[in-house]
Amino acid sequence: MEYGPNWSRVQLKTSAKEVFRRNYGSCVLAGVILSLLSGAVSIVQKRQTDQYYIEWGVVISIGLIALLVEILVLNVFMVGGCRFFVENRDYNAPVSKVLFGFQGGHYGNVVWVMFLMGLKIVLWTLLFIIPGIIKTYEYMMVPYILAEQPDIDQADAFAISRQLMMNQKFDAFVLHLSFIGWDLLAVFTCGIVGIFWSIPYYYATEAELYAVLRNAWLQRQNPGDGQGMQGENL
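Residues numbered from 1 in each chain as written. Predicted model: local features only at pLDDT ≥ 70, side-chain atom pairs only at ≥ 80, totals over all residues. Heavy atoms only, no water.

This brings us to the overall build of the chain. Along the backbone of the chain there are ten helices and zero strands. Each helix and strand of the chain, placed in order from N terminus to C terminus, yields the pattern α-α-α-α-α-α-α-α-α-α. Of all 234 residues assigned to the chain, the portion counted as buried reaches 43%. In the chain, once contacts between residues fewer than 6 apart in sequence are set aside, the share between residues at least 24 apart is 71%. For the chain, the accessible area works out to roughly 12000 Å², and carbon and sulfur atoms hold 65% of it. (Helix = DSSP H or I, 4+ residues; strand = E, 2+ residues; numbered from the N terminus. Buried < 20%, exposed > 50% of the residue type's maximum accessible area, 1.4 Å probe, protein only. Contact = heavy atoms within 4.5 Å. Areas by Shrake-Rupley, 256 points an atom, 1.4 Å probe, with all protein chains shown as cover.)

This part takes up unusual backbone geometry. For Asn167, which is not glycine, the phi torsion reads 65 degrees and is therefore positive. If you trace the backbone, Asn167 turns up in the loop between helix 7 (154-164) and helix 8 (169-177). Given a relative accessible area of 69%, Asn167 falls into the exposed group. Notably, Cys190 is not glycine yet its phi reads approximately 60 degrees, a positive angle. Tracing the sequence through the fold places Cys190 in the loop between helix 9 (180-188) and helix 10 (192-221).

Dropping the structure here:
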């Protein structure tokens, strides 16, 4: 299930479907947890902007609460989700792996690095939309790096992500675009296809991409070494 530095969407998706089907129930549940948390924050933020008749103080308070939930809870769950789907490549990982970011005494560092990632993307987006998109893909692997090494220094996390995504950003963008059909089908089925197929399928495919890029990076750093960022076996 490992590839060289050259990869294709077909390879990634084929392997993703294999590991997804092998541990179907847990993958679906993990995807539901991540989607519900992300959706809840998005709904609160949208309702905040829709309620013009509410006093500005209340609007700001709701916005700050939603932002804090995203920084302190949602981002940490996203790292845990990355841990689950990466581990699930090798064995039937338990759903409890989505709590990984809250465990092991590195919660503060996970929160900090993920906050910096979001801040960097926002600031680049304010310059112009295209740089924001480029930086989104440049930092795309930061949550996965944290999922393997939650105590990593923020500078190292961003540097490694940049190296992993060098010459890969456009291909990763096209990979994401290839799920549009599934997204539309999920809308037409009131989310049923998303819950039971496309959401965990998407996460599993992205984990396959990370594994490909990580292994190629590791081979460049330490030829013959197939372990995690600091020798940690997942």
